[in-house]
Amino acid sequence: YSNVEYGDIISFTTTVAVPAAPTNLKATVVSPNEIDLTWTASPGQVGYTIYEATSGTEWETQINAPSYQATGLQANRTYSFYVKAYFNYQQGASAASNTVTATTLTPVTGVTLNKTATTITVGGTETLTATVNPAGYPAGVTWSSSDISIATVDSNGNVTGIKGGQATITAI
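What counts, and at which threshold
- Residues numbered from 1 in each chain as written.
- Predicted model: local features only at pLDDT ≥ 70, side-chain atom pairs only at ≥ 80, totals over all residues.
- Heavy atoms only, no water.
- Core = buried A, V, L, I, M, F, W, Y, C linked by side-chain atoms within 4.5 Å.
- Buried < 20%, exposed > 50% of the residue type's maximum accessible area, 1.4 Å probe, protein only.
- Helix = DSSP H or I, 4+ residues; strand = E, 2+ residues; numbered from the N terminus.
- Phe/Tyr/Trp six-rings, centres within 6.5 Å; stacked < 30°, edge-to-face > 60°.
- Lys NZ or Arg CZ within 6 Å of the ring centre and 35° of its normal.
- Pairing = 2+ DSSP bridges.
- Axes fitted to C-alpha atoms, helices over the stretch in contact; angles between N-to-C directions.
- 1 Å grid on protein atoms, 1.4 Å probe; cavity = no way out; pocket = protein on both sides within 12 Å on 5 of 7 lines; lining within 4 Å.
- Points joined across faces, edges and corners; volume = space filled by probe spheres on them.
- Nonpolar A, V, L, I, M, F, W, Y, C, P; charged D, E, K, R; others polar.

Caption draft 1: Inspection of the nonpolar core at higher detail. Core analysis: the largest hydrophobic core is formed by 16 residues, its most contacted members being I35, L37, W39, I50, Y68 and F81. Of all elements in the fold, only strand 2 (34-40), strand 3 (47-52), strand 5 (67-71), strand 6 (78-86) and strand 7 (100-103) reach the threshold of two or more residues within this core. A per-element tally of this core places strand 6 first, with 4 residues. Among the nonpolar cores identified, the runner-up in size contains 7 residues, and L128, A151, V159 and A171 belong to it.

Caption draft 2: Structural detail: the packing of aromatic side chains. Under the definition given, this model contains 3 aromatic pairs. Both rings, one in W39 and one in Y48, keep their centres 5.2 Å apart while their planes meet at 70 degrees; by these two values the pair is edge-to-face. The pair formed by W39 and Y48 is uniform in burial state, with each residue classed as buried. One Lys or Arg, K84, reaches over the ring of Y51 and ends 5.4 Å from the middle of that ring.

Caption draft 3: Structural view of the sheet that holds strand 9 (residues 125-127). Strand order across the open sheet formed by 3 strands is 9-13-12, with antiparallel pairing between neighbours. Of all strands in the sheet, those with a lone pairing partner are strand 9 and strand 12 (151-153), marking the two edges. Averaged over all adjacent pairs, the angle separating strand axes in this sheet is 20 degrees, with direction ignored. Two strands pair when backbone bridges link them, and strand 9 and strand 13 (residues 158-161) are joined in this way by 3 bridges, in the antiparallel orientation. Of the residues in strand 13, the one forming a bridge with T127 is N158.

Caption draft 4: Local environment of the sheet that holds strand 1 (residues 23-31). If you trace the 3 strands from one edge of the open sheet to the other, you get 1-2-5, paired in antiparallel fashion. Strand pairing shows two members of the sheet lacking a second neighbour, strand 1 and strand 5, which therefore form its edges. With direction set aside, neighbouring strand axes in the sheet form an average angle of 20 degrees.

Caption draft 5: Structural view of the layout of surface pockets. Its boundaries defined by the atoms lining it, the largest pocket holds a volume of some 470 Å³. Lining the largest pocket are 21 residues; nearest its centre among them are T118, I120, A167, T168 and I169. Of the residues belonging to the lining of the largest pocket, the class tally is 10 nonpolar, 9 polar and 2 charged.

Quick look at the structure:
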């Protein structure tokens, strides 16, 4: 049953609900080729779209979690990102999150040790120090011994003599 008669004009106003913008976007530089992004989730969202802010290029669509690993990046280059949330990808997205800017690392050019050779007695210890180039590179080194029956090395570069012989200690 309707009270509308022929010739009556009916108007409707529709609104499209969009989620709140993601907040607290943060960038963590992981390597010369990766920046990890994290943000606070938007309530009720279905997914997120990541944008590279400098070009406005859509980086990845329909990410379901409030994090993303931007990989395949160029070394020693500055990138800016922002994120939008959506309920339904076809209906529209939220406003943009804050924009974050991060510069990928310069690749490691070398690792030098404080000693090129040393003698350690059985049961004796010595600490080696590794310097990563370029200076200030945040990643640590991984230590190894060519023969752990002769000399061991821990994650801090502490070398212990186990028995007589020769072993090569490497930091990479």
